[in-house]
Amino acid sequence: MPDETDLFEAARAARENAYAPHSGFKVGAALRTPSGQVYVGCNVENIAYPEGTCAEAGAIAAMAAAGEYAIAEMTVIADSPVPITPCGGCRQKIAEFSSADVVVSLANLQGPVTSLSVAELLPGAFGPDHMEP
């Protein structure tokens, strides 16, 4: 089963493939499912902001396309002095496929810098309990 280092390297490799001609800010993400499979994503910009796709959303879409729907762990990486956090929309997407205790590692090119649980990343996440049965 991949460890944190494997997820970091997978996210770093995905980041290299990011399409970021407008901002120049490349982001990569890698997630591991309970089966041990790793899925990656990178940001894909579009000149018509905000029509791009975030790296986290790309990794989640790849996971779903493969027929898996649970995140066991995730890493997000960018070339920034401090680690970036997923945007609000991606936090909700991550919460959709995770339990509150799933760890999301935030990294820069030097390596993982900090880790947060999904509950810490998105306290009070909107979920199935908010919907009427």
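Heads up: the structure comes first, above all this text.
Residues numbered from 1 in each chain as written. Predicted model: local features only at pLDDT ≥ 70, side-chain atom pairs only at ≥ 80, totals over all residues. Heavy atoms only, no water.

Engineer: Teacher, can you tell me more about the side chain of R15 here?
Structural biologist: Along the chain, R15 turns up in helix 1 (residues 4-16). Within the structure, the side chain of R15 is placed 3.0 Å from the side chain of E16, a separation counted as a polar contact. Setting aside residues no more than four positions away along its own chain, R15 makes contact with K26, V27, G28, I77, A78, D79 and L109. (Helix = DSSP H or I, 4+ residues; strand = E, 2+ residues; numbered from the N terminus. Polar contact = N/O pair within 3.5 Å; in protein donor to acceptor, adjacent residues only side chain to side chain. Contact = heavy atoms within 4.5 Å.)

Engineer: Looking at this structure, how should I read the sheet that holds strand 3 (residues 73-78)?
Structural biologist: Strands belonging to one sheet form pairs held by backbone hydrogen bonds; the direction of such a pair is parallel or antiparallel. As summarised here, the arrangement of the five strands in space is 2-1-3-4-5, forming an open sheet in which the pairing is mixed. Because the sheet does not close on itself, it has two edges, and the strands there are strand 2 (38-42) and strand 5 (111-117). The average angle at which neighbouring strand axes cross in this sheet is 20°, direction not considered. With five bridges connecting them, strand 3 and strand 4 (residues 103-108) associate as parallel partners. From the neighbouring strand, M74 faces strand 4, where its bridge partner is V104. (Pairing = 2+ DSSP bridges. Axes fitted to C-alpha atoms, helices over the stretch in contact; angles between N-to-C directions.)

Engineer: Is there a simple way to think about helix 3 (residues 88-96) in this case?
Structural biologist: For the α-helix, the turn length of 3.6 residues means that residues three or four positions removed from each other point alike. Taken as a whole, helix 3 has its buried residues at C90, I94 and A95. Looking down the long axis of helix 3, one finds its buried residues gathered within 140° of arc, a one-sided arrangement. Residues G88 and E96 are exposed on helix 3 and point more than 90 degrees away from its buried face. Looking at the buried residues of helix 3, the elements they touch are helix 2 (55-65), strand 3, strand 4 and helix 4 (118-121). (Buried < 20%, exposed > 50% of the residue type's maximum accessible area, 1.4 Å probe, protein only. Arc of directions from axis to C-beta.)

Engineer: Can you walk me through the packing of helix 2 against helix 3 in this structure?
Structural biologist: Between two packed helices, both the angle of their axes relative to each other and the distance between the axes serve to describe the pair. As a packed pair, helix 2 and helix 3 sit with axes 9 Å apart at the nearest point and diverge in direction by 25°. As summarised for this structure, helix 2 and helix 3 are arranged roughly parallel, according to the angle between their axes. Regarding helix 2 and helix 3, the two cross each other, and that crossing is left-handed. Two secondary-structure elements touch here, helix 2 through E56, A57 and I60 and helix 3 through C90, K93 and I94. Within the contact of helix 2 with helix 3, the residues separate by chemical class into four nonpolar, no polar and two charged. (Parallel < 35°, antiparallel > 145°, perpendicular 65-115°, else oblique. Left-handed = near helix turned anticlockwise from the far one by under 90°. Nonpolar A, V, L, I, M, F, W, Y, C, P; charged D, E, K, R; others polar.)

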